[in-house]
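Below are the chains, spelled out letter by letter.
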Amino acid sequence: MNDLEALVAEAHARFAQALHPADLENAKAAYLGKAGRLTALMKDLASMDVELRKTRGADINRAKQAIEAALNARRQAMADAELDAQLRAEALDVTLPGRRRGQGSLHPVSRTLERIEGIFRSMGFDVAEGPEIETDWFNFTALNTPADHPARSMHDTFYVEGGHLLRTHTSPMQIRHAVAHVKRYRDVLDAGEGMPEIRVIAPGRTYRVDSDATHSPMFHQCEGLWIGERVSFKDLKVVFTGFCHTFFESRDIALRFRPSFFPFTEPSAEIDIQFGHGPLAGRWLEVAGSGQVHPNVVRNMGLDPERYIGFAFGMGPDRLTMLRYGVNDLRLFFDGDVRFLSQFQ
Ligand code: DAH
């Protein structure tokens, strides 16, 4: 191997060792650069005699071409490797399953509320909605629960600025709705004629300082109110029994009206239901409070309690949802875990 062949072999080896483009360019400079080895050999030609210079010059040129070819080949190999790496990094796995757009569905409690509304509408009830931030008057005082009434202690709640509070029940809607109704039929009332009956339910969110497996600081209630000239406790029994049978799609349910106390009703009763079948069969389960609307409340509605009477009830849609679907922890409804919620689709 002559010196030129050795130089070409050496250059090959150095180019092969270069791992980065910058290494390669440095290696190139060592042979082909201004101070490179090949460049130095070219300079030597000047001092040679003509014949020798011819053959030596041709040999050096061939060596130079060989080194340049090796350099280009290595450059190309590096560029190819880089492209390969980039393609691999950005590779798409076309066998991955596509991402579907998730389909939402109604919350189980919303389903219950829709169900309740549908059933009561079919019995001629209106559906009303009211504010969740209430005044003391509508939440308590107008409902025959003055400031010093002990029943208030069971309704501890959250107070907001300006003396307002988060309503502890949907009962304030009894007053709000009745007052609006009375206003609408003012002329009829003033003329001493009969006013169309008030028949309404008011579902919505309510709040109390309470939290365990069966109590959540935010929960739902649905109020019911029927006021007229001949509305009796019997009507309450018929309406609520019909509701329970339709809601649970079964007539195999007994109802019990258990004497109780609420400031805004007299007499008052808790409504318990008992399934004749299924996992809860035989147990009495409380589902609502109810009663004949107290004369003071009828008066606060703007009506004469000697003429207008009726009943009210307040039930817990969350509880009804638990019973209907067999859920034993109320908090599951409000944790927002889609693994739980998607079971109700
Ligand atoms: N508001 C009552 C509560 O939250 C429930 C209730 C009881 C509502 C009797 C009524 C009723 O309308 O007549 O405990």
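As the structure is a computational prediction, the values presented were derived from the model and not from experiment.

This next bit is on the overall build of the protein. Counting its secondary structure elements, the protein contains 12 helices and 10 strands. Scaling as 2.2 N^0.38, a compact globule of 345 residues should have a C-alpha radius of gyration of about 20 Å, whereas the protein reaches 44 Å, well beyond that. Principal-axis analysis of the C-alpha atoms gives the protein an extent of 140 × 50 × 35 Å. When burial is assessed residue by residue, the protein has 41% of its 345 residues classed as buried. Partitioning the contacts of the protein with sequence separation of at least 6, the portion at a separation of at least 24 is 64%. Approximately 19,500 Å² of the protein is accessible, and the part contributed by carbon and sulfur atoms is 52%. Across the protein, 41 positive and 46 negative side-chain charges occur, with their mean positions spaced 4 Å apart.

What follows deals with the sheet that holds strand E5 (residues 198-207). Across the sheet, which stays open at both edges, the 7 strands sit in the order E1-E5-E6-E10-E9-E8-E7 with mixed pairing between neighbours. Edge strands, defined here as strands with exactly one partner in the open sheet, are strand E1 (126-127) and strand E7 (253-262). Looking at chain direction, strand E9 (residues 285-293) and strand E10 (residues 309-315) are connected through 5 bridges and run antiparallel. Following the sheet pairing, Gly-289 is matched in E10 by Gly-314. Against the sheet, helix H7 (residues 172-184) contacts E1, E5, strand E6 (218-228), E9 and E10, and its axis sits at roughly 140° relative to E5.

Moving on to the domain arrangement of the protein. Here the protein is partitioned into domain 1 (3-89) and domain 2 (108-344). A straight line from the C-alpha centre of domain 1 to that of domain 2 covers 93 Å.

Take the environment of Ser-211 next. For Ser-211, the position within the fold is in the loop between E5 and E6. According to the relative accessible area criterion, Ser-211 is exposed, its value standing at 55%. Separated by 45 residues in sequence, Ser-211 and Leu-166 place their C-alpha atoms 16 Å apart.

Let's shift gears to the nonpolar core. Ranked by internal contacts, the top residues of the largest apolar core, which has 30 residues, are Ile-116, Phe-120, Phe-240, Phe-243, Ile-273 and Met-315. In terms of nonpolar packing, the next biggest core, distinct from the first, is built from 24 residues, Ala-128, Ile-175, Ile-227 and Val-297 among them.

A few words now on the state of the cysteines. In protein chemistry, a disulfide is the covalent bond that joins the sulfur atoms of two cysteines. In the structure shown here, the tally under the stated rule is 0 disulfides. Just so you know, Cys-244 is unpaired, no disulfide at all, and the nearest cysteine sulfur is the one on Cys-222, 12 Å from it.

Bringing the sheet that holds strand E2 (residues 133-134) into the picture now. In space, the 3 strands of this open sheet follow the order E2-E4-E3, with antiparallel pairing throughout. The sheet terminates laterally at E2 and strand E3 (159-160), the two strands that pair on one side only. Judged from the 2 bridges that link them, E2 and strand E4 (residues 164-166) form a sheet pairing that is antiparallel. In the strand pairing of E4, Glu-134 is matched with Leu-165.

Right, let's get into the pairing of E9. The element E9 is largely enclosed, with a buried count of 8 among its 9 residues. Pairing of strand E8 (residues 265-275) with E9 involves 7 bridges; the strand directions are antiparallel. Looking across to E9, one finds that Ala-269 is bridged to Ser-290.

Our next topic: H7. Compared with the 18 Å implied by 1.5 Å per residue over 13 residues, the 19 Å span of H7 between its first and last C-alpha is a close match. Burial in H7 covers these residues: Pro-172, Met-173, Gln-174, Ile-175, His-177, Ala-178, His-181 and Val-182.

Before going further, it helps to spend a moment on the packing of aromatic side chains. Using the criterion set out here, one finds 19 aromatic pairs in the structure. Here the aromatic rings of Phe-125 and Trp-226 are separated by 5.8 Å at their centres, their planes lie at 80°, and the arrangement is edge-to-face. Of the two residues, Phe-125 is situated in the loop between helix H5 (108-122) and E1 and Trp-226 in strand E6; the sequence distance between them amounts to 101 residues. Taking the centre distance of 6.3 Å and the plane angle of 70° together, the rings of Phe-233 and Phe-257 count as edge-to-face. Here Phe-257 lies in strand E7 and Phe-233 lies in helix H9 (residues 233-247), a separation of 24 residues in the sequence. Judged by its relative accessible area of 19%, Phe-257 falls in the buried class. One aromatic cluster in this structure is built from Phe-120, Phe-125, Trp-226, Phe-240, Phe-243, Phe-247, Phe-248, Phe-275, Phe-311 and Phe-313. Against the face of Phe-138 rests Arg-176, its NZ or CZ located 4.1 Å from the ring centre. If you follow Arg-324 out to its NZ or CZ, it ends over the ring of Phe-247, 5.8 Å from the centre.

A separate point is the site of the ligand. Neighbouring residues of the ligand: 16 residues in total, closest His-169, Ser-171, Arg-208, Gln-221 and Glu-223. Side-chain polar atom of His-169 to a nitrogen atom of the ligand: 2.9 Å apart, as the coordinates give it. Relative to its unbound accessible surface of 360 Å², the ligand loses 93% to contact with the protein. Elements supplying a minimum of two residues to the shell around the ligand: E6, E9 and E10. For the shell around the ligand, the residue count by class is 4 nonpolar, 10 polar and 2 charged.

The rules behind the values
Residues numbered from 1 in each chain as written. Predicted model: local features only at pLDDT ≥ 70, side-chain atom pairs only at ≥ 80, totals over all residues. Heavy atoms only, no water. Helix = DSSP H or I, 4+ residues; strand = E, 2+ residues; numbered from the N terminus. Rg over C-alpha atoms; globule rule 2.2 N^0.38 Å. Buried < 20%, exposed > 50% of the residue type's maximum accessible area, 1.4 Å probe, protein only. Contact = heavy atoms within 4.5 Å. Areas by Shrake-Rupley, 256 points an atom, 1.4 Å probe, with all protein chains shown as cover. Lys, Arg positive; Asp, Glu negative; His and termini not counted. Charge placed at Lys NZ, Arg CZ, Asp CG, Glu CD. Pairing = 2+ DSSP bridges. Axes fitted to C-alpha atoms, helices over the stretch in contact; angles between N-to-C directions. Domains from an automatic or database assignment. Core = buried A, V, L, I, M, F, W, Y, C linked by side-chain atoms within 4.5 Å. Disulfide = S-S within 2.5 Å. Expected span 1.5 Å × (residues − 1). Phe/Tyr/Trp six-rings, centres within 6.5 Å; stacked < 30°, edge-to-face > 60°. Lys NZ or Arg CZ within 6 Å of the ring centre and 35° of its normal. Near = heavy atom within 4 Å. Polar contact = N/O pair within 3.5 Å; in protein donor to acceptor, adjacent residues only side chain to side chain. Nonpolar A, V, L, I, M, F, W, Y, C, P; charged D, E, K, R; others polar.

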